[in-house]
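# Coordinate inspection notes
Each chain, letter by letter, is given below.
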Amino acid sequence: MEKSKILYAEDDKTIAFLIQDSLEAYYEIDHYGDGKSAFEAFNCKDFDICLLDIMMPEMNGFDLAEKIREKNLEIPIIFISAKALKEDRIKGLKIGADDYLVKPFSIEELILKIEVFLKRSKKTEPSSPKYTIGKYHFDPQNYTLQDSENKITLTQRESELLFYFIRHKNTVLKRQDILKAIWGDDDYFMGRSLDVFISRLRKVLANEENIFIENIHGIGFRFSENNIS
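Residues numbered from 1 in each chain as written. Predicted model: local features only at pLDDT ≥ 70, side-chain atom pairs only at ≥ 80, totals over all residues. Heavy atoms only, no water.

### Structural notes on the overall build of the protein
Note the cut-off: Labels follow the DSSP assignment, with helices taken as runs of H or I lasting at least four residues and strands as runs of E lasting at least two, numbered in each case from the N terminus. Taken over C-alpha atoms, the radius of gyration is set against a globule rule of 2.2 Å times the number of residues to the power 0.38. Here the term buried applies to any residue with accessible area under 20% of the maximum for its type, exposed to any over 50%, and partly exposed to those in between, with areas from a 1.4 Å probe on protein chains only. What sets the accessible areas is the Shrake-Rupley method with a 1.4 Å probe; for residues, cover comes only from the shown protein chains. Charged residues are defined narrowly, with Lys and Arg counted positive, Asp and Glu counted negative, and His plus the chain ends left uncounted. Taken as the charge location is NZ of Lys, CZ of Arg, CG of Asp or CD of Glu.
For the protein, the count of helices and strands is 8 helices and 12 strands. Relative to the compact-globule value of 17 Å for 229 residues, the protein shows a C-alpha radius of gyration of 18 Å, a close match. With respect to the principal axes defined by its C-alpha atoms, the protein has extents near 55 × 40 × 30 Å. Residues classed as buried in the protein amount to 49% of the 229 residues present. Here the protein has roughly 11,800 Å² of accessible surface; of this, 48% comes from carbon and sulfur atoms. The positive charge centre, built from 33 side chains, and the negative charge centre, built from 40, are 4 Å apart in the protein.

As structure tokens, then:
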């Protein structure tokens, strides 16, 4: 069975050796010591997931992630960084990362997260149901919103969150229920992540007047729309 391919950008040689040595039994992993060379490799090769440090020479991880997202909206991106401030985590998610691991972390935790995103990113079903949301046709399996003129590709987390809202339309949803369903946990950081993705969905759907994602104070959110089928 062909191994999944990981783009790994990390400037600390010791950490890079330990992680690469631990992962190469399970994955094909290409390591780069700076953001510039990592992006050059991304343009030339096919990868299934990206692991990015933030503090790197030539190009930092935030800038690298932005450039990757400009090229590919679907590939999972996980930041692995010693920068533990919530502002850094929020910034990473706003850029389009799917997760953020703070060093030090266990290899078991990293592998688990890699596997979760790899499984979610594989599209094995021959066809997928589509849903009408206002003027858009939503394809949750391929992460797309399409109307008669434009096609918008969502990130994996945006698609999962929108799909969850659609399946529970016109229902007040508790924050902790959404977090456990999408993120698998409901701690403070995950709650901030939810707010970031809610904001991103609102921007994507800003031109659709019939779609509402309401804040229900002290409880959570309600997704309402006049015509979902």
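### Description of the packing of helix H1 (residues 13-23) against helix H5 (residues 107-121)
Put simply, the test is: The axes are straight lines fitted to the C-alpha atoms, using for helices just the contacting stretch, and the angles between their N-to-C directions are given from 0 to 180°. In these notes the angle categories are as follows: under 35 degrees is roughly parallel, over 145 is roughly antiparallel, 65 to 115 is roughly perpendicular, and the rest is oblique. Crossings are classed by handedness, with left-handed meaning an anticlockwise turn of the near helix from the far one by less than a right angle and right-handed meaning a clockwise turn. Whether two residues are in contact is decided by their heavy atoms, any of which lying within 4.5 Å being enough.
Viewed as axis vectors pointing N to C, H1 and H5 meet at an angle of 60°, and their least axial separation amounts to 11 Å. What the angle tells us is that H1 and H5 run oblique. The element H1 and its partner H5 pack so that their crossing is right-handed. Together, Ile19, Ser22 and Leu23 of H1 and Ile107, Leu110, Ile111 and Ile114 of H5 make up the contact between the two elements.

### With respect to the nonpolar core
Generally speaking, a soluble globular protein has its nonpolar side chains buried in company with each other. Short version of the rule: By convention a nonpolar core is built from buried Ala, Val, Leu, Ile, Met, Phe, Trp, Tyr and Cys residues, the set being connected through side-chain atoms within 4.5 Å.
Residues Leu52, Leu64, Ile68, Leu145, Leu162, Phe165 and Ile178 are the most contacted members of the largest nonpolar core, which totals 56 residues. No other element matches the 8 residues that helix H8 (residues 188-204) contributes to this core. Those residues within four positions of Ile178 in sequence are excluded, and the remaining contacts are Leu161, Tyr164, Phe165, Leu173, Trp183, Leu194 and Phe221. In terms of nonpolar packing, the next biggest core, distinct from the first, is built from 18 residues, Leu23, Tyr27, Ile29 and Ile78 among them.

### Some points on the sheet that holds strand S1 (residues 5-9)
Our working rule: By this definition, two strands are paired if DSSP reports at least two bridges between them.
Spatial ordering of the open sheet is given by S2-S1-S3-S4-S5, a layout of 5 strands whose pairing is parallel. With partners counted over all chains shown, the strands left at the sheet margins are strand S2 (28-32) and strand S5 (99-102), one partner each. Across the sheet, the axes of successive neighbouring strands diverge by a mean angle of 20°, strand direction being ignored. As defined by bridge partners, strand S4 (residues 77-81) adjoins S5 across 4 bridges and the pair is classed as parallel. Bridge assignment links Ile80 to a residue of S5, and that residue is Leu101.

### Observations regarding the confidence of the model for the protein
For the record, the criterion: Confidence of the predictor at the level of single residues is captured by pLDDT, which takes values from 0 to 100.
In this model, the protein carries an average pLDDT of 86, and 93% of its residues clear a pLDDT of 70 or more. Ranking the elements of the protein by mean pLDDT puts strand S6 (residues 131-133) last with 82 and S1 first with 96. Confidence drops under pLDDT 50 across residues 123-127; counting only partners more than four residues distant or on other chains, this segment forms 7 contacts.

### Quick word on the pattern of salt bridges
Test applied: For salt bridges, the criterion is a side-chain nitrogen of Lys or Arg within 4 Å of an Asp or Glu carboxyl oxygen.
Applying the stated criterion across every chain, the model contains 11 salt bridges. In this structure, the salt-bridge partner of Arg200 is Glu158, at a minimum N-O distance of 2.9 Å. Remark: Glu158 occurs in helix H6 (residues 156-167) and Arg200 occurs in helix H8; sequence separation between them is 42 residues. When sorted by exposure, Arg200 lands in the same class as Glu158, which is buried. Arg175 is the salt-bridge partner of Asp195, the closest N and O atoms lying 3.0 Å from each other. With Asp195 in helix H8 and Arg175 in helix H7 (residues 175-182), this residue pair connects regions lying 20 residues apart in the sequence. Given a relative accessible area of 31%, Asp195 falls into the partly exposed group. When salt bridges that share partners are traced, they join Glu10, Asp53 and Lys103 into one network.

### Overview of H5
What counts, and what does not: Residue count minus one, scaled by 1.5 Å, sets the expected span of a helix. As used here, the arc is the angular range of directions from the helix axis to the C-beta atoms.
Across its 15 residues, H5 extends 21 Å between first and last C-alpha, which sits within 8% of the 21 Å expected from 1.5 Å per residue. By the burial criterion, the buried members of H5 are Leu110, Ile111, Lys113, Ile114, Phe117 and Leu118. Taken down its axis, H5 places every buried residue within 165° of arc, on the same side. Exposed and facing more than 90 degrees away from the buried side of H5 are Glu108, Leu112 and Lys119. Where H5 is buried, its residues touch S1, H1, strand S3 (49-52), S4, S5 and H6.

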